[in-house]
Every structure is written in C-alpha cells, then in structure tokens.
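Fold and geometry: a report
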Amino acid sequence: MKAESFDHLPHAAKFSYRHYGEFAYTLGTGLVEMKLKGLSNSKETWADIEDINGVFWFKRTEMSAYVQKHWKEDAFFGYQYLNGVNPMMIRRCSALPENFPVTDVKVSLSGRCSLTCEMKEGNIFLCDYKSLDGLTPNTIHGKEQYLMAPLVLLHKTPDKKLMPIAIQLKQIPADDNPIFYPTDSEYDWLTAKIFVRGADFHEHELNVHLLRTHLLAEVFAVSLHRNVPEKHPLYKLLVHHTHYTLNINYLARELLISGTGFFKHFAASGGDAMKRYLEGSLASLTYSSLCIPEDIAERGLKDVPNFYYRDDGLKLWDIIHRFVKGMLSFYYRTDAMVQSDTLVQKWILDIFEHGFLSQAETGIPQSFTTVKDLVKFVTMVIFTCSAQHSAVNTGQFDYGGWMPNTPTTLRLPPPTTKGTTSEARMLQTLPDQGTTANGMAVIWLLSKPSSDSVFLGQYDNDHFSEEIPCQLMKLFQQELQVLSTQIKIRNKNLEVPYTYLDPDVVENSVSL
C-alpha cells in the first residue's frame, strides 16, 4: 500500500462515516478517562495490584473479570496456549532442546512416569520464544526495559489439563539463568510466568496478529485491486474479504507502529526491536503454517483435548474450502483455464514478490497450474482475513484487559537467583501506571467491533448473478449457521466459553 496520507486511500477502501465515528469515539473516551484520572503520563508504580481495577470504570468484559480472578493459576496459564489469543506457539515436544536442561528430579508430573516416558506418550509440550532472542529492548520514560526469550514446558495431566512444569527465561543456560518450577517460591514462579506472558504479548501482537493477519490481508487486497477487474470471478469472491483493510492498516501504521506510535512509547518491543523482529518473523513465515490443517498436524496437536481453536478452526476451514471449491470449479472447468488466466497469475505473482519477497522456501506459489492449487490458496486467503484474524483479535481485551496477564513491557530484569523475588519487586517489574493505562486503552480499542461489522458469509448478491454461485452462497451461509449453533451449544457446558470462531462473530475481513 503506497498511500502517503489518509486522503490518498481509494474512497471505497475508507471507513464509513459511522465506522470512523465509532472508532474515534472509542479512542477518545479512553484517552479522556485516563487524563481525568491523571494516569496518561504517570510513571508511578502500582502500590497494590488490585488498584489496576481503577484504570477504567466501565471497560470490562465477563472474560476479563474471569482472567483477573484466575490469572495466577497454572491451569489457566496453560489453557491460554490453546484457547487464548495466541494459540500458535504451542507444539508437541518429543525431545528437549539442548538449551533447556530440564531434569526428572525437578519436574512434577502428577504422579506419572519420567519426563522421557511422558514425551514418548505425547504428553509434553513446548513453547519456545527464541524469535525474541537478541533484540534490544525499547527505552520507556528514559529507562531501559526488559524483554525475554523464554522456553516453557507444559504437561498434559491425566485430567486433561495443560500445566506448566518448567520455565527458563533466556535461551542460553547459565548459573544466572535458573529454570523455574511450580515448586519454587510463590513470587519466583509467578514472576517467571509474568515474563512469559510479556513475551507472548510481543509474539502475538507483532507476528501472529499484525504480520500474519493484518499485513498479509493487505498484500492480498492490494494485489487483488491492482491486478483483477471488478467483473472477474476472483474479484467477486474476494472483494468482501478486503473491506476496510487498507484503512485499518493505515491507522495501525500511524497510531501503533510508527516512530511516535503506541509501541514506541509503551512496549518493550518498540523501536528498532520491532523492525528486527518483524523481519525475522517474515523470514520464517511459511505457506503451510497459514493453512490450519497443515499447521495443526505439523505442531503435533491433532489429539490435544479441549483445543477449541483447533476444533472450530478446522471446521471453518472445511466449510470455506467447500464453498471456494464449488465457486471456482464453476468458473474454471479445467486446469488449463487456470493456467491461461493471466489476471489470476498476475495476482499470485504480485503476492509472491511483494508479500513474501520472492522467497521460494516459504512454499507460496508463484503461479497456479491447477484448479486445486487455486482453491487451496483462496481458501487460505479467506480463512486468514476472516477466521484467523477473529481468533487472534477478538479476545484481546478479554485476556489483556487485566494487565498482569499481558504486560506490554517489564521494567526490571528477571531474577538471576531463586528466593530473591517478592510482591514489591513484582510490582516494580510490572509496567508503571501510565503504560498500563495506555496499553489497556489500546487493547480495548482493538477489541471493540463496529456496529456496521459485516460477518462471514454476508455477501451482497449484486456480485454473482448466475444460479449455481447463488445457490453455493446460500449453502455456505447455511453451513456457517449450523456451525454457529453447534459452538453455542458446546459453550453452554464450558466454564470458559470459546466464542472467537463462532461465525456469528467472525468478520468477513480484517477491519479492526
């Protein structure tokens, strides 16, 4: 996107007056409330963790209240890796990394056999934040901040819970880099988990959310509008999935990731660290990781219990895939028709060159040779712009509205020896009052849907007039409604409902 100012955006790409007005109102009310309470620029440390309740009077959800109550619990810490806003980190562990020397003597496996035995049984999982290693943390309010690259080991217990059993906060083992265990002192273990949750904020916001949904959606949209005319079936199929994307990404660049934006002022990954991290994240991005069936299989998560992101996501992928296959098979009766469509070939080549920097190792196609290949790629595009974005965006305030569960930065280094951490040091480590308030305001803004949101499968009928495509759209909408009903029924029996992939709340596009 080459818009040098907001005015240079195409008129059709801009927010409606209502959408922009609601966005500005949400932003403005949060800023005004912080100023009235004197929190906007406060560098004070929280005297008591419960005081964080007073940042906002009315900005709260049922889930954010639940998080505040349960954020210290190991079971909830593990649960978030499956059904929180970042379900993309966890993978099955069949062998410990050499730089994570956890031993059987230290870990508690709920009366089970050895760590080696549990790995063979498929009950051990790893979250490795190595992509954050070596970054120079941001400076906030004149003070250097701290950003770790932890390794986390989790155990699937007999009662189907995912429990953290070991945390190492830096990548290189050393005497001053202890491995923390649940048996350590309360604040040693809690502080270790806080550093992990801090690392997860940066991994989630910059890689999983910004890069892998917002910026990819922009690539797909720009290439579509650049190369494919409005009457083309691919344009008709995808145009609804580009709605407002250029506008929200323009605002993200201006308000969040610019040299004067939120990340620079209030996040440990702001400044040069953000640029380096995004470069590394793009370099490691693969086509297969964007396709949920392949991603789940590659991470070894097919049979993990209570993994609702996987369950709902795979069903949504299948519904979208059937719809796309039906639509494109109607217009492309043979592989040769795909090969000879120069507009579609220009679309994918632009995506390969500008979105993935011509890196063949990503697995992104440079051209389409079969209908099957085209169907898979278009399915990935729609899933990324709708379902995946909803999964990693909608619950941001639910899980981040209680700051200690998702700190944007940390002000003190992690403990280098055990037994030295206290409640007072934990409070000094957490973000100051101003950083906390600004972080909560931004997360509220990014989680607040507009009243003119357009949800998955809600297409205007003016794009397709042929009988079969219209029938396929109706069938698509019916299948989405069946899945929505199934999800709602399941959620009635869950202590923590998983709603983010309910088609009734999944928007067609990256518009927020």
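Refer to the structure presented above.
Let us look at the structure shown here. Note that the structure is a prediction, hence the values are computed from the model and not measured.

Quick look at the state of the cysteines now. Following the criterion strictly, the structure yields one disulfide and no others. Put simply, Cys113 and Cys117 are joined by a disulfide, and their sulfur atoms are 2.2 Å apart. Handedness of the Cys113-Cys117 disulfide follows from its S-S torsion of about -85 degrees: it is left-handed. As a non-bridged cysteine, Cys385 has Cys291 as the owner of its nearest cysteine sulfur, 13 Å distant.

Moving on, we get to the side chain of His202. Take His202: it is sitting in helix H5 (residues 186-227). The exposure class assigned to His202 is buried, which follows from its relative accessible area of 1%. With residues near it in sequence (within four places) discarded, His202 still touches Leu132, Leu147, Asn207, Ala267, Ala268, Ser269, Tyr277 and Thr408.

Pairing between sheet strands relies on hydrogen bonds along the backbone, with the strands arranged either parallel or antiparallel. What the five strands build is an open sheet, ordered S1-S2-S5-S6-S7; its pairing is antiparallel. The sheet terminates laterally at strand S1 (91-92) and strand S7 (179-180), the two strands that pair on one side only. As judged from the two bridges shared by strand S6 (residues 162-168) and S7, these two strands associate in the antiparallel manner. Across the sheet, the residue bridging to Ile167 is Phe180, located in S7. Packing against the sheet, helix H3 (residues 74-83) makes contact with strand S2 (124-128), strand S5 (151-156) and S6, and its axis sits at approximately 95 degrees to S6. On top of the sheet, H5 reaches S5, S6 and S7; it is set at about 90 degrees to S6, its chief contact.

Let's shift gears to unusual backbone geometry. Of note in the backbone geometry, Lys160 takes a positive phi value of approximately 70 degrees without being a glycine. For Lys160, the location among the structural elements is in the loop between S5 and S6. One non-glycine residue with positive phi stands out, namely Tyr244, at about 70 degrees. Tracing the backbone shows Tyr244 in the loop between helix H6 (233-238) and helix H7 (245-255). Taking the relative accessible area as the measure of exposure, Tyr244 reaches 6% and is therefore buried.

A full pass over the atoms with the stated rule returns 24 aromatic pairs. Aromatic pair Phe262 and Phe263: ring centres 5.6 Å apart, planes at 90 degrees, arrangement edge-to-face. Residues Trp347 and Phe377 carry aromatic rings whose centres are separated by 5.6 Å and whose planes lie at 85 degrees to one another, so their mutual orientation is edge-to-face. Here Trp347 is found in helix H13 (residues 342-355), whereas its partner Phe377 is found in helix H14 (residues 371-393), with 30 residues between them in sequence. Clustering of aromatic rings is evident, with ring pairs tying together Phe220, Tyr287, Trp347, Phe368 and Phe377. Over the ring of Phe330 we find Arg333, and its NZ or CZ is 5.3 Å from the ring centre. The cationic tip of Lys376 hangs over the ring face of Tyr287; the distance from NZ or CZ to the ring centre is 4.8 Å.

Okay, the pairing of S6 next. Of all the seven residues making up S6, six are buried; the element is thus mostly covered by neighbouring parts of the structure. The pairing of S5 with S6 spans six bridges and is classified as antiparallel. Of the residues in S6, the one forming a bridge with Leu154 is Pro164. Linking S5 back to S6 in an antiparallel pair, the connection comprises five residues, with Lys160 at a positive phi of about 70 degrees.

The next thing to look at is the environment of Ser108. Along the chain, the position of Ser108 falls in the loop between S1 and helix H4 (115-120). Using a relative accessible area of 47% as the deciding quantity, one classes Ser108 as partly exposed.

Counted at 1.5 Å a residue, the expected span for H13 with its 14 residues is 20 Å, and the 19 Å between its end C-alpha atoms agrees. The set of residues buried in H13 consists of Val344, Gln345, Trp347, Ile348, Asp350, Ile351, Phe352 and Gly355. Elements in contact with the buried residues of H13: H5, H6, helix H9 (272-283), helix H12 (335-339) and H14. Just downstream of H13 lies Leu357, where phi reads positive at about 50 degrees.

With that settled, the discussion passes to the side chain of Glu118. Following the sequence through the fold, Glu118 ends up in helix H4. A polar contact is formed between the side chain of Glu118 and the side chain of His155, at a distance of 2.6 Å.

A few words now on the environment of Lys193. Take Lys193: it is sitting in helix H5. Measuring from C-alpha to C-alpha, the distance between Lys193 and Phe330 comes to 52 Å, with 137 residues separating the pair along the chain. Leaving out residues up to four positions away in the same chain, Lys193 has contacts with Lys72, Glu73, Asp74, Phe77 and Ile167.

This part takes up the layout of surface pockets. When its volume is computed, the largest pocket comes out at roughly 760 Å³. Forming the boundary of the largest pocket are 32 residues, of which His11, Ala12, Ala13, Lys14 and His243 lie nearest the centre. Secondary-structure elements contributing two or more residues to the lining of the largest pocket are helix H1 (17-36), H5 and H7. A per-element tally of the lining of the largest pocket places H5 first, with three residues. Among the residues making up the lining of the largest pocket, the classes are represented as 17 nonpolar, twelve polar and three charged.

A few words on the pattern of salt bridges. When charged atoms on two side chains of opposite charge get close, those side chains can pair. The full count for this structure, using the stated rule, is 15 salt bridges. Taking the shortest distance from any N to any O, the salt bridge between Arg197 and Asp200 comes out at 3.6 Å. With Arg197 and Asp200 both in helix H5, this residue pair falls three residues apart, about one helical turn. The two residues Arg197 and Asp200 agree in class, both being buried.

Moving on: empty space enclosed by the protein. Remark: the empty space left among the atoms is shown by a probe the size of a water molecule rolled over them. This structure, assessed with the given rule, holds eleven cavities of 30 Å³ or more. Its volume calculated, the largest cavity comes out at about 270 Å³. Glu205, His209, Ala252, Leu256 and Leu446 are the residues nearest the centre of the largest cavity, which is lined by 21 residues in total. Sort the elements by how many residues they give to the lining of the largest cavity and H5 lands first, with six residues. When its residues are assigned to classes, the lining of the largest cavity shows 17 nonpolar, three polar and one charged. What the second largest cavity holds in volume is close to 90 Å³. As for the second largest cavity, its lining consists of Met88, Val208, Arg212, Ser289, Leu290, Cys291, Ile292, Asp295, Tyr309, Phe383, Thr384 and Gln388. Among the secondary structure elements, those contributing two or more residues to the lining of the second largest cavity are H5, helix H10 (292-298) and H14. Considering every element that reaches the lining of the second largest cavity, the biggest residue donor is H14, with three residues.

Criteria and thresholds
Residues numbered from 1 in each chain as written. Predicted model: local features only at pLDDT ≥ 70, side-chain atom pairs only at ≥ 80, totals over all residues. Heavy atoms only, no water. Disulfide = S-S within 2.5 Å. Helix = DSSP H or I, 4+ residues; strand = E, 2+ residues; numbered from the N terminus. Buried < 20%, exposed > 50% of the residue type's maximum accessible area, 1.4 Å probe, protein only. Contact = heavy atoms within 4.5 Å. Pairing = 2+ DSSP bridges. Axes fitted to C-alpha atoms, helices over the stretch in contact; angles between N-to-C directions. Phe/Tyr/Trp six-rings, centres within 6.5 Å; stacked < 30°, edge-to-face > 60°. Lys NZ or Arg CZ within 6 Å of the ring centre and 35° of its normal. Expected span 1.5 Å × (residues − 1). Polar contact = N/O pair within 3.5 Å; in protein donor to acceptor, adjacent residues only side chain to side chain. 1 Å grid on protein atoms, 1.4 Å probe; cavity = no way out; pocket = protein on both sides within 12 Å on 5 of 7 lines; lining within 4 Å. Points joined across faces, edges and corners; volume = space filled by probe spheres on them. Nonpolar A, V, L, I, M, F, W, Y, C, P; charged D, E, K, R; others polar. Salt bridge = Lys/Arg side-chain N within 4 Å of Asp/Glu carboxyl O.

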